[in-house]
Amino acid sequence: MSDEITVQQGFPGELRSSAAELYDAAFGAKLAIAMPNPISRMAVLKAGFNPEFSFVAIRDGEMVGIAGFKTGQGALTGGISFRVLKDEIGVWGAIRAVLVLALFQRNLVAGQLLMDGIGVSPKMRGSGIGTKLLHSLIEYAKIEGYRSIRLDVIDTNPAARRLYERVGFVPVKTEQFAYLKWLLGFGAATQMKYSPDAQA
């Protein structure tokens with residue numbers, strides 16, 4: 001077994017289940033508010049992913065990390081439409097999911113690449129995969145001419161914030177959601193930004 005980890009943009013169809021599992025491991029608690037049934041939630045993710053809007057880490061043919069992004073052309077989770085939701089969780093479940101997921105929606109800004117989630121296999125955490133994925137995303141943003149990369153990190157995930165700060169992301173502003181903490185499971189989210197020009 002090789003310890004070599006390679007990072008590539010996108011992933012083939014046979015790795016859709018792996019991508020869904022990684023994403024759900026990272027964001028399942030949040031997504032469960034919209035889609036409580038884990039089997040249905042995994043089916044929605046598997047059907048709704050747009051692989052080309054992601055970078056993935058591969059080790060011995062196994063996906064061990066994923067970082068999604070969003071641009072004006074699409075997003076990793078951009079295929080999670082009402083139709084996909086309806087097919088997997090029914091009409092009323094889809095309506096509920098759309099309303100809840102709208103709370104997490106973030107608008108694009110011209111010249112800015114938006115991160116659409118990052119997840120690393122629990123057995124591989126601490127091995128630098130998150131850093132590799134972020135560096136690949138940064139390099140992609142530079143090549144494509146984006147002026148900055150934006151992400152949001154919640155107050156209950158300090159480890160992720162430390163990772164982003166090590167790579168060069170800086171906090172821009174923090175939004176408080178105290179009145180929604182009972183529903184969302186977190187009370188604040190900090191917007192962080194990486195500017196290639198500032199890092200040069």
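Student: Any details on the packing of helix α1 (residues 16–31) against helix α2 (residues 38–48)? Residues and values, ideally.
Tutor: Across the interface, α1 lies against α2 with an axial gap of 9 Å and an inter-helix angle of 125 degrees. It follows from the interaxial angle that α1 and α2 lie oblique. As for the relative orientation of α1 and α2, their crossing is right-handed in sense. From α1, Arg 16, Ser 17, Ala 20, Glu 21, Tyr 23, Asp 24, Gly 28 and Leu 31 reach across to α2, where they touch Arg 41, Met 42, Leu 45, Lys 46 and Ala 47.

Student: Break down the packing of α2 against helix α3 (residues 82–101) for me, with residues and values.
Tutor: When two helices pack together, their arrangement is given by the angle between the helix axes and the distance between those axes. Close contact between α2 and α3 brings their axes to 9 Å; oriented N to C, the two are set at 155 degrees. Put simply, α2 runs roughly antiparallel to α3. Regarding α2 and α3, the two cross each other, and that crossing is right-handed. Residues Ser 40, Ala 43, Val 44 and Ala 47 of α2 form the contact with α3, whose participating residues are Val 84, Leu 85, Glu 88 and Ile 89.

Student: Which residues make up the nonpolar core, and what are the values?
Tutor: Formed by 30 residues in total, the largest nonpolar core has its most connected members in Leu 113, Ile 129, Leu 134, Ile 149, Tyr 164 and Phe 169. At seven residues, helix α4 (residues 129–143) tops the list of elements feeding residues into this core. Not counting the four nearest positions on each side in its chain, Ile 149 is found in contact with Leu 113, Met 115, Leu 137, Ile 138, Ala 141, Phe 169, Met 192, Lys 193 and Tyr 194.

Student: Tell me about α4, and name the residues and values.
Tutor: Over its 15 residues, α4 runs 21 Å from end to end, which matches the ideal 21 Å to within 8%, given 1.5 Å per residue. What α4 keeps buried is the set Ile 129, Gly 130, Leu 133, Leu 134, Ser 136, Leu 137, Ile 138, Tyr 140 and Ala 141. The first or second residue beyond α4 is Gly 145, which carries a positive phi of 85 degrees.

Student: Could you give me a rundown of unusual backbone geometry, with the residues and numbers involved?
Tutor: The phi angle at Asp 60 is positive, at roughly 55 degrees, despite the residue not being glycine. Within the secondary structure, Asp 60 is located in the loop between β2 (54–59) and β3 (62–71). Of the residues examined, Asp 60 reaches a relative accessible area of 44% and is grouped as partly exposed.

Student: How would you explain the packing of aromatic side chains if you had to name every residue and give the values?
Tutor: This model, assessed by the stated rule, comprises eight aromatic pairs. Ring centres 5.7 Å apart and planes at 70 degrees place the aromatic pair Phe 55 and Tyr 140 in the edge-to-face group. One end of the pair, Phe 55, is in strand β2; the other, Tyr 140, is in helix α4, and 85 residues separate them in sequence. Note on Phe 55: relative accessible area 8%, which makes it buried. Seen in terms of ring centroids, Phe 169 and Tyr 194 are 5.5 Å apart; in terms of plane orientation they differ by 55 degrees. Their pairing is tilted. Here the residue Phe 169 occupies a position in the loop between α5 (158–167) and β7 (170–176), and Tyr 194 occupies one in strand β8 (residues 188–194), the gap between them amounting to 25 residues. Assigned by exposure class, Phe 169 and Tyr 194 land together as buried. Grouped by ring-pair contacts, the aromatic residues Phe 53, Phe 55, Phe 69 and Tyr 140 constitute a single cluster.

Student: Can you lay out the side chain of Asp 24 for me, pointing to particular residues and giving the numbers?
Tutor: Here Asp 24 lies in helix α1. Residue Asp 24 is classed as buried on the basis of its relative accessible area, which comes to 15%. Only 2.6 Å separates the side chain of Asp 24 from the side chain of Arg 41, close enough to count as a polar contact. Beyond its immediate sequence surroundings of up to four residues, Asp 24 is in contact with Arg 41, Met 42 and Leu 45.

Student: Lay out the pattern of salt bridges in plain terms, naming residues and giving numbers.
Tutor: On inspection of all chains with the given rule, the structure shows six salt bridges. As a salt-bridge pair, Lys 123 and Glu 62 come within 3.0 Å of each other at their nearest N and O atoms. Here the residue Lys 123 occupies a position in the loop between β5 (112–120) and α4, and Glu 62 occupies one in strand β3, the gap between them amounting to 61 residues. We classify Lys 123 as exposed; its relative accessible area is 56%. A salt bridge links Lys 86 to Asp 87; the shortest N-O distance between them is 3.9 Å. When salt bridges with common partners are traced through the structure, they connect Arg 83, Lys 86 and Asp 87 into a single cluster.

What counts and what doesn't
- Residues numbered from 1 in each chain as written.
- Predicted model: local features only at pLDDT ≥ 70, side-chain atom pairs only at ≥ 80, totals over all residues.
- Heavy atoms only, no water.
- Axes fitted to C-alpha atoms, helices over the stretch in contact; angles between N-to-C directions.
- Helix = DSSP H or I, 4+ residues; strand = E, 2+ residues; numbered from the N terminus.
- Parallel < 35°, antiparallel > 145°, perpendicular 65-115°, else oblique.
- Left-handed = near helix turned anticlockwise from the far one by under 90°.
- Contact = heavy atoms within 4.5 Å.
- Core = buried A, V, L, I, M, F, W, Y, C linked by side-chain atoms within 4.5 Å.
- Buried < 20%, exposed > 50% of the residue type's maximum accessible area, 1.4 Å probe, protein only.
- Expected span 1.5 Å × (residues − 1).
- Phe/Tyr/Trp six-rings, centres within 6.5 Å; stacked < 30°, edge-to-face > 60°.
- Polar contact = N/O pair within 3.5 Å; in protein donor to acceptor, adjacent residues only side chain to side chain.
- Salt bridge = Lys/Arg side-chain N within 4 Å of Asp/Glu carboxyl O.

Worth remembering: the numbers are spatial, not functional.
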